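# Commentary on secondary and tertiary structure
The residues making up each chain are set out below.
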Amino acid sequence: MKFTCLSKGGGFHFPPCHMLNFCGFRILFDCPVDLSALTIFSPVPTGFDSFPDEESCDFEFVTEKRQKVEKPLGANSLIRAEPWYKTVKSLHLWNISQIDVILISSPMGMLGLPFLTRMKGFSSKVYVTEASARLGQLMMDDLVSMHVEFRQFYGCEDSGFPQWLRHEELELLPPELREVVLGKDGTELGGWMPLYSAADVKDCMQKSHKLKYAEEVYYNGILAIKAFSSGLEIGSCNWIINAPKRDIVYISSSTFVSAHAMTFNYCALQGINTIIYSDFSSLRVMGDVEDENNYFPQTADKLSSLSSQELAESSLNMDEHLEEREKLGFICSCALECVKAGGSVLVPTNRLGTLLQLLEQISALLESSAMEVSIYIISSVADELLAFLNVIPEWLCKQRQERLFSGEQLFAHVELIRRKKLHVVPAVHSSKLLTNWQEPCIVFSPHWTMRFGPVVHLLRRWCGNPNSLLILEDGFDPKLALLPFEPIAMKVLQCVFPSGLKLQKVEPLIKTLLPKIVLFPEDLKPQISLSNAKSFSVFHYTEDDTLHVPCQKDSSVFEIATDLASQFHWKKLMQENFNISRLKGELSIDHGKYHLLVGKEQGSSSKHSSLLHWGSPDVQKLLAALSKMGINGSLEQGISDTESETVHVVHVQDYKGLIKVGTRSTVISAADESLASLIFEAVDSVLDGI
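Residues numbered from 1 in each chain as written. Predicted model: local features only at pLDDT ≥ 70, side-chain atom pairs only at ≥ 80, totals over all residues. Heavy atoms only, no water.

Before going further, it helps to spend a moment on the sheet that holds strand S12 (residues 247-251). Strand order in the open sheet formed by 7 strands is S9-S10-S11-S12-S13-S20-S21, and the pairing between neighbours is mixed. With partners counted over all chains shown, the strands left at the sheet margins are strand S9 (217-219) and strand S21 (537-541), one partner each. Ignoring which end each strand starts from, the neighbouring axes of this sheet average 20° apart. Sheet analysis places S9 next to strand S10 (residues 223-229), joined by 3 bridges and oriented antiparallel. Paired with Val-217 across the two strands is Ile-225, which belongs to S10. (Pairing = 2+ DSSP bridges. Helix = DSSP H or I, 4+ residues; strand = E, 2+ residues; numbered from the N terminus. Axes fitted to C-alpha atoms, helices over the stretch in contact; angles between N-to-C directions.)

Written as structure tokens, this is what we have:
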């Protein structure tokens, strides 16, 4: 088995990407896009005064090109062109036609999938949960819709290769932007691609096979594939791959407890031979290690001795989302203070769980404060998204499902829309928004990179208001993201939301799953040491390196047809304490298992002769066997042949037969067939064979 980490990702919006060569098949885990790289582009201006005069800007740019003088990073340094999108840096180096299976673990993990499905030669089988497929499609449709604004402003490219990607133009970029384009080692230029179209998204979805949780599918009859909930987002999952020679669990970013999605089903992952641990989220929150000790009084050593049920109860008692709820409560209190002061609140987010929880808590806080403040969701896919949330109870956490059984709404937005406290509109220029617009207000809108979508227009409107509030997610450089909107007088609050397992829970989880082999990130090794584990082997992997993992499963289990099993003729081996039988049938692989079936010619063969032997016959026992058959034999002194091999020669009945016994072969020569058959029977009696 070969495993290659193509990218360790960059948090919730840019999950890791891996390639696995397994049982002769090449499997790709997730196909994300690094949307944080869009911050190197300048957003489309919303008015004539948004940027300095174009002629002066062009003159300064030309002068800077001639003098090649580096100036401090400013709004004019950003690239003014239709954006391209940064995919996984080394994925383009792989032959797309040789990828057999693609497994998508979350809606964010499929944003780059149309880049592959539109390529010539693509023939991979794509597996994704039904919920992730729908949410991913909505996110891609929204991305395409927002990108249209750039094309309308800049027009179509004259050539297939944009001017800003040329070497001479890249050399003139400030170091901060050049590093985003090329990467720290200068190898990421090939990952940039023009955005796909709405038709590409539709084609991508048609090529995707949708699954429910725990639904088993088979690829080529050999790989049995199942998805189980990871708890991170609605539809997000971890994968189990069963094959005749090895079983694999792929653990993506997961959370034990979720306020909206189905919780992490780690019990289904127990007892699997190999674990691929792919949750890098704790790298982004290393500072939480000390803070976690305040919330979790039990140590990792104590947790490691707990049973599966005890681990689940311990996770609930420690309340993994206490910190998240505190953050959400703090955000809501800040939002309330802003609207009380006459300012508005802008929340650019694509994190569905965060949006739903903020919407519920902010509306409840406003109601308890007796304040009438309009709340807006502005997105081209908002109506479809909210409608989808009302019909997916099987993908939600237990608490949400209980609401449905008690006759309550799954989420608060249904009641808020009915009471006209929440307005859902497709765009900032829609007539519905213009007729209902009131300030101060609270707006949820894409996109979190603040480069396109309604958020650009609203941010330009409020950036000079010190009473307004901008709530940012983590995963990008806020200084670079806010560069086009400077000077900014509004308040800015950036929050780091949980995107995976806490550090203290990783080791207890892996020990609870009882694997034999664990593939673990080298970057997490200083914080989580698994090397002392005695029950399993640990292989550490790094980005862009291929890891070779040996197979520890010595044998395979296969099913034998009843008619064939009834024909067993057992023979006890002389040198080993077990019985053996020879069978003739057709071997096939189906549903991840070997099957031995009755062959077409099986009925015509009734005689089971010993045709296969192994080992070297004992010369003295051979002479005794020949003597019992009335055949005289004599042993000649050992000699060496041309290959310097020690051999023994047995002469039979006045040299009419010859048996030459060597260390690597035994040769029988006879003057007639009857003597040869008798000699063969003697050899058969002293050797193990079937």
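So, about the packing of aromatic side chains. To describe a pair of aromatic rings, you give the distance between the ring centres and the angle between the ring planes. Throughout the structure, instances matching the rule amount to 20 aromatic pairs. Relative to Phe-264, the ring of Phe-256 has its centre 5.4 Å away and its plane inclined at 50°; by these criteria the two rings are tilted. Of the two residues examined, Phe-256 and Phe-264, each falls in the buried class. The ring of Phe-12 has Arg-351 sitting right over it, with the charged end atom 4.0 Å from the ring centre. (Phe/Tyr/Trp six-rings, centres within 6.5 Å; stacked < 30°, edge-to-face > 60°. Buried < 20%, exposed > 50% of the residue type's maximum accessible area, 1.4 Å probe, protein only. Lys NZ or Arg CZ within 6 Å of the ring centre and 35° of its normal.)

This part takes up the pairing of S10. A large share of S10 lies buried, amounting to 6 of its 7 residues. What sits between S9 and S10 in their antiparallel hairpin is a turn of 3 residues, with Asn-220 showing a positive phi close to 60°. Pairing of S10 with strand S11 (residues 237-242), which is carried by 6 bridges, proceeds in the antiparallel orientation. Residue Ser-229 lies in a different strand from S11, and its bridge partner there is Cys-237.

Take the sheet that holds strand S19 (residues 491-495) next. The strand order across the open sheet formed by 6 strands is S16-S15-S17-S14-S18-S19, and the pairing between neighbours is parallel. Sheet topology places strand S16 (422-425) and S19 at the edges, where each strand pairs with a single neighbour. Along the sheet, successive strands turn relative to each other by an average axial angle of 15°, direction set aside. The sheet contacts of helix H10 (residues 322-340) involve strand S14 (345-348), strand S17 (441-445), strand S18 (469-473) and S19, and relative to S19 the element is tilted by about 170°. On the sheet, helix H16 (residues 454-462) packs against S14, strand S15 (374-378), S17 and S18 and is oriented at approximately 150° with respect to S14. (Contact = heavy atoms within 4.5 Å.)

Moving on: helix H5 (residues 175-182). Regarding H5, the residues found buried are Leu-177, Val-181 and Leu-182. Projected down its long axis, H5 shows its buried positions confined to an angular sector of 115°, all on one face. Its buried side turned inward, H5 meets helix H4 (167-170), strand S7 (192-193) and helix H17 (478-481). Trailing H5 by a residue or two, Gly-183 shows a phi angle of about 85°, which is positive. (Arc of directions from axis to C-beta.)

What follows deals with the packing of H10 against helix H11 (residues 352-368). For the pair H10 and H11, interaxial distance at closest approach is 10 Å and the crossing angle is 50°. With respect to H11, the element H10 is oriented oblique. In this structure, H10 meets H11 at a crossing whose hand is right-handed. On the side of H10, the interface is formed by Glu-324, Leu-328, Gly-329, Ile-331, Cys-332, Ser-333, Ala-335, Leu-336 and Val-339, while H11 contributes Thr-354, Gln-357, Leu-358, Gln-361, Ile-362, Leu-365 and Leu-366. Along the lines of polarity and charge, the residues of the contact of H10 with H11 split into 10 nonpolar, 5 polar and 1 charged. (Parallel < 35°, antiparallel > 145°, perpendicular 65-115°, else oblique. Left-handed = near helix turned anticlockwise from the far one by under 90°. Nonpolar A, V, L, I, M, F, W, Y, C, P; charged D, E, K, R; others polar.)

On to unusual backbone geometry. Looking along the chain, the bond that leaves Glu-439 and enters Pro-440 is cis, with omega of 0°. Mapped onto the elements, Pro-440 comes out in the loop between helix H15 (431-436) and S17. Look at the link from Glu-486 to Pro-487: it is a cis peptide, with omega at 0°. Tracing the chain through its elements places Pro-487 in the loop between H17 and S19. A positive phi is found at Cys-23, a non-glycine position, where the angle reads about 55°.

Turning to the side chain of Ser-229, a few remarks are in order. If you trace the backbone, Ser-229 turns up in strand S10. With a relative accessible area of 2%, Ser-229 lands in the buried category. Looking at Ser-229, its side chain comes within polar contact range of the main-chain oxygen of Thr-263, at 2.6 Å. The residues touching Ser-229, leaving out its near neighbours within four places in the chain, are Tyr-213, Ser-236, Cys-237, Asn-238, Met-262, Thr-263, Phe-264 and Asn-265. (Polar contact = N/O pair within 3.5 Å; in protein donor to acceptor, adjacent residues only side chain to side chain.)

Turning to the environment of Leu-28, a few remarks are in order. Within the secondary structure layout, Leu-28 lies in strand S3 (residues 25-29). Judged by relative accessible area, which is 0%, Leu-28 ranks as buried. Along the backbone, Leu-28 and Thr-4 are 24 residues apart, and their C-alpha atoms lie at a distance of 9.7 Å. The contacts of Leu-28, once residues within four sequence positions are left out, are Leu-6, Cys-17, His-18, Met-19, Leu-91, Ile-99, Val-101, Ile-102, Leu-103 and Leu-116.

Checked against the element boundaries, Thr-46 lands in the loop between S3 and helix H1 (54-67). Using a relative accessible area of 36% as the deciding quantity, one classes Thr-46 as partly exposed. C-alpha separation for the pair Thr-46 and Arg-460, spaced 414 residues apart in sequence, amounts to 7.9 Å. Apart from the residues lying within four places of it in its own chain, the contact partners of Thr-46 are Val-456, His-457 and Arg-460.

The quantities given are spatial measurements derived from coordinates; they are silent on function.
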